[in-house]
Amino acid sequence: MFGAKSRMEGTLRLLRKLLGILGFLYLWITVEAQIKIPPETVQQWASEFSVQLRDLTVKYSGSLLLQKKLKDVESIIKITELNGEDLVKDFSNEIERMLGSKMKSVKRLAESAEDADLYHEFNASLKFDYYNSMMINTVDEDGNSMELGGEFPLEENQHFNNIPVNTQQSNIQVPTNVYNKDPIILNAIYNTEALNDVFISNFLKDPTLTWQYFGSSTGFFRIYPGIKWTPDPNGVVVFDCRNRNWYIQAATSPKDIIIMVDISGSMKGLKMTIAKHTINTILDTLGENDFVNIIAYTDYVRYVEPCFKGTLVQADLDTREHFKLLVDELHVKGEAKIKNALKEAFKILNEVRVNGQGSMCNQAIMLITDGAMEDFESVFEEFNWPDRRVRVFTYLIGREMTFAQNTKWIACNNKGYYTHISTLADVQENVMEYLHVLSRPMVINHDHDIIWTEAYMDTVLPNTKQLFTTKAQSLLLMTSVAMPVFSKKKETLSHGILLGVVGSDIPLMEVMKLAPRYTLGPHGYAFLITNNGYILAHPDLRPLYKDGKRLKAKPNYNSVDLTEVEWEDTEDTLRTAMVKGQTGSLSLSVRASVDKAKRPLFLINEYFYTNIDDTPFSFGMVLTKGHGKLVFMGNVSVEEGLHDLTSPDLSIASEWTYCETDIDPSHRKYSQLQAAIRYLQGKEPDLECDEALLQQLLFDAVVTAPLEAYWNTLMLSDRVEPGVETAFLGTRSGLLRVIRYTGVETRVAKNFLTPADKDNLFTIDHFPLWYRLAVENPQGSFIYFPVIEKEMRYIVATTSVTVTSKGRTAMAGGES
């Protein structure tokens, strides 16, 4: 589609003058009640004003000329209808191949790490210097390199958000609470040196890879490419890879957890504070594939959330945060009676298992108490022995050890783990122990399950101010693919030793580029969800909010359900089918909006969806019925197109992928326009380019070229009407032509169509605002809309331009 627009401050002034006159007349009539203006007169004024306004926009936009040029070439144009079933299949296959490549990289890392451990013998006196990411490139007061530091070359890399990195070497991050020269740590780091070559090899095989890493069960984190780690203002490194979602999910299977907390009088003071922190830490180890409930007990059983009585709930972010608020309100009183609480917990877990609910995998009870005095053995005999399907983990709170033997007996006789937590500092490390216990069956069976995490916010957000108001914020998110690493040594095989987890991050922007928005039309889009119905990527997902001048992630940004953005899906038909991994389509009448929800659009959306094999994800896409499914192709020679493609008034969508410049580092210096031109000239034949998109771009460049001469003629031979500032057009191939009738000094709309004005440019997220408005109006009919930017006000006029072939009419672009 072609589009063009003009800025008409002069027309706006004329409109204001007319409105002022009308207002004065209205006031006069109201006061005097003597003079009456016939309605026909007012109607005539409005008609004359509309004619003048239309003549002005037609003249300075050149829309009639462009429509005529398209009419002249209709005989060589072919209009086709997009096939949604074929497109969704093609896009999903591309995404599947891309994600499959990431999985292969992670598998190579896991195999290398296991082999390195298999042939390594533990050396308690090992001396080994490694690059500590905190110490590199740091010197002491005498100018000497810090221990475990030294020179570590770093260079800004566009592929890694311009962060200084070392693509030839990984390095090590160690949390402050872990001793960085402990023999166990040193041996494990020495072992994983073998991963460095695999990191580099993976990156050479797949240059679209971003961060690759190994999180050790001992606490260190090996990251590639190597970076400089920045501690918090107090010099503390709190990041512990073992607490990260990707590590926990890969290290354990899905689980049903009931947390039992003793709130009797003996738990007052510091004990209760430690107990609450322990509960919150356990909750932080859960994810959306886990199920949970919390019981507080004294001489009676109390559900922390009465609405969840007798059941388990999905441990998504909202649920976990809700539980944390309720736990914070707990108060101690009464005497502890553990038997009834244990019976209640076992009944819930048994009912969930029998009914095929919950995670259908691990089940565990977390008992948090300062002592168990009752005769509780009968409960385990009745509900858990001899099969011991439910593991029981006990956390003895406080310094008193009188009842340590009882709590230890409970854990040891129910395939669990006992731990003593006497201070707040003990909580984190002791809670993590249960994950190693739950991982043992996986390790012994060597279940190398690959996991994919839900969406999460990248810690590096370049140009966040700009991103907040311009891009689809969901494209700032990441997902991780991870895999556990086990010890294969025969002497420890039955112990089930987890060495750690390997993984890699995948920016969702890279995934969604494989289903380009421009293929789907002005109102079409693609999206990804998890098998829990949560959004991975969707143009209407906005995970950020403004807190003063800072951007922050919303608390539940990665647990937004599909129905919260596709709210016309009232019967959950679309959501249910996608969660089940089905393939199909459906049509819905939707109320969409543009211009920050100020302008409604009524569309008929056709949804197409399918699963992504070997992942928990489902892919969907939308085509709008009617012109949204029609595309046209024109044919011109490369030589002819190249001549017009180099015009100074022409630009193309910088965020679209005409040619893939990120595969070969030597191509990253090219803009998309430079890459396209060099490829078409034969100077960069190795570039991977979208041939169909380039062909359409060449055609659009040729057919719109006469507008450049037309606009220049107006500037040179005619007096430009005051207030007319800009004329422009845009096409479905992302081509944009612009002429400025006024200099920047006198221009009112200084921001319009500049790189900062993302709303009115072609981006990876959307077609320009004026384009989307134009296509919903009849060809030749201008739509006018005001823009208010701080103190600046102006009007944009836009119209659609069409092309017809064999009874079909397709949008060619927008113009103004």
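Everything here concerns the structure above.
The model shown is predicted, which means the values in this text are computed figures rather than measured ones.

Peer 1: Describe the environment of Gly-500, and please don't skip the residues or the numbers.
Peer 2: Within the secondary structure layout, Gly-500 lies in strand E18 (residues 498-507). Expressed as a C-alpha distance, the spacing of Gly-500 and Ala-188, which sit 312 residues apart in the sequence, is 9.9 Å. When sequence neighbours within four positions are dropped, the list of residues in contact with Gly-500 reads Phe-214, Gly-215, Ser-216, Ser-217, Tyr-247, Met-483, Pro-484 and Val-485.

Peer 1: Residues and numbers for the state of the cysteines, please.
Peer 2: Overall, the coordinates contain 1 disulfide when judged by the stated rule. Cys-659 shares a disulfide with Cys-689; S-S distance 2.1 Å. Measuring the twist about the S-S bond at about 105 degrees, one finds the Cys-659-Cys-689 disulfide to be right-handed. Highlighted residues: Cys-659 in strand E28 (residues 659-660) and Cys-689 in strand E29 (residues 688-689), separated in sequence by 30 residues. You can call Cys-659 buried: its relative accessible area is 0%.

Peer 1: Now, about the sheet that holds strand E23 (residues 584-594): what can you tell me, with residues and values included?
Peer 2: Here 5 strands make up an open sheet; going across it, the order is E20-E19-E25-E24-E23 and the pairing antiparallel. The open sheet has two edge strands, strand E20 (535-537) and E23, and neither has a second partner. When strand polarity is set aside, the average angle formed by the axes of neighbouring strands in this sheet is 35 degrees. Both strand E24 (residues 599-611) and strand E25 (residues 617-624) contribute to a ladder of 7 bridges, which runs antiparallel. Residue Asn-611 lies in a different strand from E25, and its bridge partner there is Ser-618.

Peer 1: Mind laying out empty space enclosed by the protein, listing which residues take part and the relevant values?
Peer 2: The full count for this structure, using the stated rule, is 5 cavities of 30 Å³ or more. A volume near 80 Å³ is recorded for the second largest cavity. Along its surface, the second largest cavity is lined by Lys-513, Pro-516, Arg-517, Tyr-518, Glu-655, Trp-656, Thr-657, Thr-763 and Ile-764. For the lining of the second largest cavity, the class distribution of residues is 4 nonpolar, 2 polar and 3 charged. When we break the lining of the second largest cavity down by domain, the ones giving at least three residues each are domain 1 (54-79 + 633-815) and domain 4 (515-628).

Peer 1: Quick rundown of the packing of aromatic side chains? Include the residues and the values.
Peer 2: A complete count under the given rule lists 41 aromatic pairs for this structure. Judged by centre distance (5.9 Å) and plane angle (5 degrees), the ring pair of Phe-346 and Phe-383 falls under stacked. Pair noted here: Phe-346 is in helix H10 (residues 338-354) and Phe-383 is in helix H11 (residues 377-383), with a separation of 37 residues, a long-range link. Within the aromatic cluster, the residues linked to one another by ring pairs are Tyr-518, Trp-656, Tyr-658, Phe-728, Phe-752, Phe-762, Phe-767, Trp-770, Tyr-771 and Tyr-794.

Peer 1: So, helix H18 (residues 638-645): which residues are in play, and what are the values?
Peer 2: By the burial criterion, the buried members of H18 are Gly-641, Leu-642, Asp-644 and Leu-645. On the buried face of H18, the contacting elements are strand E27 (650-652), helix H19 (672-680), helix H20 (691-717) and strand E31 (735-740).

Peer 1: A description of the side chain of Ser-217 should follow, citing residues and the corresponding values.
Peer 2: Its location among the elements puts Ser-217 in the loop between strand E6 (212-216) and strand E7 (221-224). Residue contacts for Ser-217: discarding those within four places in its chain leaves Arg-242, Tyr-247, His-436, Leu-498, Leu-499 and Gly-500.

Peer 1: Requested: an account of the pattern of salt bridges, with residues and values cited.
Peer 2: Applying the stated criterion across every chain yields a total of 25 salt bridges. For Arg-242, the salt bridge is made with Glu-429, and the minimal N-O distance between the two is 3.1 Å. In this pair, Arg-242 is assigned in the loop between E7 and helix H7 (245-251) and Glu-429 in helix H13 (residues 427-445), connecting sequence segments 187 residues apart. The buried category is assigned to Arg-242, whose relative accessible area is 6%. Taking relative accessible area as the criterion, Glu-429 reaches 35% and is therefore assigned partly exposed. Bridged by salt links that share partners, the residues Glu-81, Glu-606 and Lys-629 form one connected network.

Criteria and thresholds
- Residues numbered from 1 in each chain as written.
- Predicted model: local features only at pLDDT ≥ 70, side-chain atom pairs only at ≥ 80, totals over all residues.
- Heavy atoms only, no water.
- Helix = DSSP H or I, 4+ residues; strand = E, 2+ residues; numbered from the N terminus.
- Contact = heavy atoms within 4.5 Å.
- Disulfide = S-S within 2.5 Å.
- Buried < 20%, exposed > 50% of the residue type's maximum accessible area, 1.4 Å probe, protein only.
- Pairing = 2+ DSSP bridges.
- Axes fitted to C-alpha atoms, helices over the stretch in contact; angles between N-to-C directions.
- 1 Å grid on protein atoms, 1.4 Å probe; cavity = no way out; pocket = protein on both sides within 12 Å on 5 of 7 lines; lining within 4 Å.
- Points joined across faces, edges and corners; volume = space filled by probe spheres on them.
- Nonpolar A, V, L, I, M, F, W, Y, C, P; charged D, E, K, R; others polar.
- Domains from an automatic or database assignment.
- Phe/Tyr/Trp six-rings, centres within 6.5 Å; stacked < 30°, edge-to-face > 60°.
- Salt bridge = Lys/Arg side-chain N within 4 Å of Asp/Glu carboxyl O.

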